2 protein chains.
Amino acid sequence: MTTPGAQRHDLIATLEDRGFRLTAPRRRVADSIEEQRDAFTAEYLCESVPGVGRATVYRTIKLLVESGALCKLAMPDGAPKYSLARVGHHHHTVCVRCGKVGDFRDSTVERMFRSLAKEVDGEIVGHRMEVYIDCSDCAAT
Amino acid sequence: MTTPGAQRHDLIATLEDRGFRLTAPRRRVADSIEEQRDAFTAEYLCESVPGVGRATVYRTIKLLVESGALCKLAMPDGAPKYSLARVGHHHHTVCVRCGKVGDFRDSTVERMFRSLAKEVDGEIVGHRMEVYIDCSDCAAT
DNA sequence: TAACTATATGATACATAGTGTCAATAACAG
DNA sequence: CTGTTATTGACACTATGTATCATATAGTTA
Ligand SMILES: [Mn+2]
Ligand SMILES: [Mn+2]
Ligand SMILES: [Zn+2]
Ligand SMILES: [Zn+2]
């Protein structure tokens, strides 16, 4: 398993590059996302930017996911979480006890998807994979 | 890729085995599920059993998913779909155009998850994987 | 800079996907 | 059959968004 390295995040620049206007609400949402250490829910982000409309927060998240700057993660239960996409393509571990999200890349995974491409009925246009774990911290308790 | 073969489905027996009571509403829900050829949403199932309470339909689906008799599939957008679990463990293809769901097993996939077990921080307790495709039928149009 | 125009905002209503409550009902053990 | 307990279904409620639309503003142009 390769832990993806850090990378610059300039979410506002991402939006600008795509031709969207740089508004104060978008700046506040983007700044707040860049401050998040862990994966977060949309509602949590809403609370972190009081005064910014809920619809605007959801709209901005959607733009960033479409831009590939944010990962959207399906949780075993409850609302999806989002995290900065630090690498182009990777997958996630989610601790089912504490909810902590980890990023990883693994050549085995990518080989598997390539192998699968020859087998499925049609063309693979995407995939989603989450690995649910009992993380070492939680297992220690 | 191995296409899982057919298998008997006796959803009511599954519930009975787990110690739940065999009620008329549960029989109607189970019968309706067994009639579904393709993956279905919870709301669709509700419509297929008029007179049975919505809460009962959702509760029955949840029991069957917990029993392993139904697969719950995350769709790219919208509500999850459910389909009969014809084999013990397998994964799904979902056509992003027509929504058609396919089951598959592939030794590459299982090897990949075994290999991953040695690499992640903690113990793998589950995983979810969906492969999104443009199916051959849709590609033909 | 000022005016213009398309884009974006946010209040609000609406939609969807469920879950919690609880009085009434019914399964099933004895 | 009776009693106990699981189950039901109406209803309210929560969570997670999306659609509408009057208002505001970013960025362009004069
Ligand atoms: Mn990630
Ligand atoms: Mn399946
Ligand atoms: Zn943990
Ligand atoms: Zn298709």
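Rules of the game
- Residues numbered from 1 in each chain as written.
- Chains lettered and ligands numbered in written order.
- Predicted model: local features only at pLDDT ≥ 70, side-chain atom pairs only at ≥ 80, totals over all residues.
- Heavy atoms only, no water.
- Helix = DSSP H or I, 4+ residues; strand = E, 2+ residues; numbered from the N terminus.
- Buried < 20%, exposed > 50% of the residue type's maximum accessible area, 1.4 Å probe, protein only.
- Contact = heavy atoms within 4.5 Å.
- Phe/Tyr/Trp six-rings, centres within 6.5 Å; stacked < 30°, edge-to-face > 60°.
- Pairing = 2+ DSSP bridges.
- Axes fitted to C-alpha atoms, helices over the stretch in contact; angles between N-to-C directions.
- Donors = N, O, S within 2.8 Å, 3.2 Å for Na, K, Ca; no water.
- Near = heavy atom within 4 Å.
- Polar contact = N/O pair within 3.5 Å; in protein donor to acceptor, adjacent residues only side chain to side chain.
- Nonpolar A, V, L, I, M, F, W, Y, C, P; charged D, E, K, R; others polar.
- Lys, Arg positive; Asp, Glu negative; His and termini not counted.
- Salt bridge = Lys/Arg side-chain N within 4 Å of Asp/Glu carboxyl O.

S.K.: It is not clear to me how the overall build of chain A should be interpreted in this structure. Could you clarify?
M.R.: When helices and strands are counted, chain A shows six helices and six strands. Principal-axis analysis of the C-alpha atoms places the extent of chain A at approximately 45 × 45 × 25 Å. By the burial criterion, 43% of the 141 residues in chain A qualify as buried. For chain A, the proportion of contacts with a sequence separation of at least 24, taken over those separated by at least 6, is 48%.

S.K.: Before we go on, may I ask you to explain the packing of aromatic side chains in this structure?
M.R.: For any pair of aromatic rings, the description consists of the separation of the ring centres together with the inter-plane angle of the planes. All names here are of chain A. In total, this model carries two aromatic pairs over all chains according to the counting rule given. Between Phe40 and Tyr82, the aromatic rings sit 6.2 Å apart at their centres with planes inclined by 35 degrees, giving tilted as the arrangement. Separated by 42 residues along the polypeptide, Phe40 in strand β1 (residues 40–41) and Tyr82 in strand β3 (residues 81–84) bring together distant segments of the chain. The exposure class assigned to Phe40 is buried, which follows from its relative accessible area of 3%. With a relative accessible area of 8%, Tyr82 lands in the buried category.

S.K.: Would you take a moment to explain the sheet that holds β3(A) for this structure?
M.R.: Paired through their backbone hydrogen bonds, the strands of a sheet run either parallel or antiparallel. Residue and element names in this part refer to chain A. As summarised here, the arrangement of the three strands in space is β1-β3-β2, forming an open sheet in which the pairing is antiparallel. Of all strands in the sheet, those bounded by a partner on one side alone are β1 and β2 (70–73). Sheet analysis places β1 next to β3, joined by two bridges and oriented antiparallel. Looking across to β3, one finds that Phe40 is bridged to Tyr82. Strands β2 and β3 of the sheet are contacted by helix α4 (residues 54–66), whose axis makes an angle of about 105 degrees with β2.

S.K.: I would appreciate a short explanation of the coordination of the zinc ion (ligand 3) in the present structure.
M.R.: Metal coordination angles in their ideal form are 109.5 degrees for the four-donor tetrahedron and 90 or 180 degrees for the six-donor octahedron. Residues and elements named next belong to chain A. Those donors, Cys95 (SG), Cys98 (SG), Cys135 (SG) and Cys138 (SG), are the protein atoms that reach the zinc ion (ligand 3), and they lie 2.2 to 2.3 Å from it. Read from N- to C-terminus, the donor residues coordinating the zinc ion (ligand 3) fall into the pattern C-x2-C-x36-C-x2-C. In this pair, Cys95 sits in strand β4 (residues 91–95) while Cys135 sits in the loop between β6 (123–134) and α6 (136–140), placing the two residues 40 residues apart along the sequence. With respect to class, Cys95 is no different from Cys135; both count as buried.

S.K.: Explain the protein's contact with DNA strand C to me, please; I cannot follow it from the model alone.
M.R.: The local shell around DNA strand C holds 19 residues, among which A:Thr23, A:Arg59, B:Arg54, B:Tyr58 and B:Ala79 are the closest. Counted by atom, the contact set of DNA strand C within 4 Å of the protein is 66% sugar and phosphate. Within the contact set of DNA strand C, a base nitrogen lies 2.5 Å away from a side-chain nitrogen or oxygen of A:Arg59. A distance of 3.1 Å separates a base nitrogen of DNA strand C from a polar atom in the side chain of B:Arg21. Contributing elements (two or more residues each) for the surface near DNA strand C: α2 (24–35) and α4 of chain A together with α4 (54–66) of chain B. Here the surface near DNA strand C takes four residues from α4(B), the largest share from any one element. Tallied by class, the residues present in the surface near DNA strand C amount to seven nonpolar, four polar and eight charged.

S.K.: Explanation requested: the side chain of B:Gln36 in the structure shown.
M.R.: Residues and elements named next belong to chain B. With respect to the helices and strands, the residue Gln36 is situated in the loop between α2 (24–35) and β1 (40–41). Of the polar contacts made by the side chain of Gln36, one reaches the backbone oxygen of Ser32; its length is 3.0 Å. Those residues in contact with Gln36 that sit more than four places away from it in its chain are Tyr44, Leu45 and Ser48.

S.K.: I keep staring at the protein's contact with DNA strand D and nothing clicks. Help me out?
M.R.: Lining the immediate environment of DNA strand D, one finds 20 residues, of which A:Arg54, A:Tyr58, A:Ala79, B:Thr23 and B:Arg59 sit closest. Backbone atoms, meaning sugar and phosphate, make up 66% of the atoms of DNA strand D lying within 4 Å of the protein. Between DNA strand D and B:Thr23 there is a distance of 2.7 Å, counted from a phosphate oxygen to a side-chain nitrogen or oxygen. Contact distances for DNA strand D include 3.1 Å between a phosphate oxygen and a side-chain N or O atom of B:Thr56. Sorting the residues of the surface near DNA strand D by element identifies α4 of chain A together with α2 and α4 of chain B as the ones contributing at least two each. For the surface near DNA strand D, the residue count by class is seven nonpolar, five polar and eight charged.

S.K.: When you look at the side chain of A:Lys81 in this model, what are you seeing that I'm missing?
M.R.: Residue and element names in this part refer to chain A. Following the sequence through the fold, Lys81 ends up in strand β3. The side chain of Lys81 is buried and forms no salt bridge, while Asp38, the nearest opposite charge, is found at 8.1 Å. Setting aside chain neighbours within four positions, we find Lys81 in contact with Ala39, Phe40, Thr41, Cys71, Lys72, Leu73, Met75 and Gly99.

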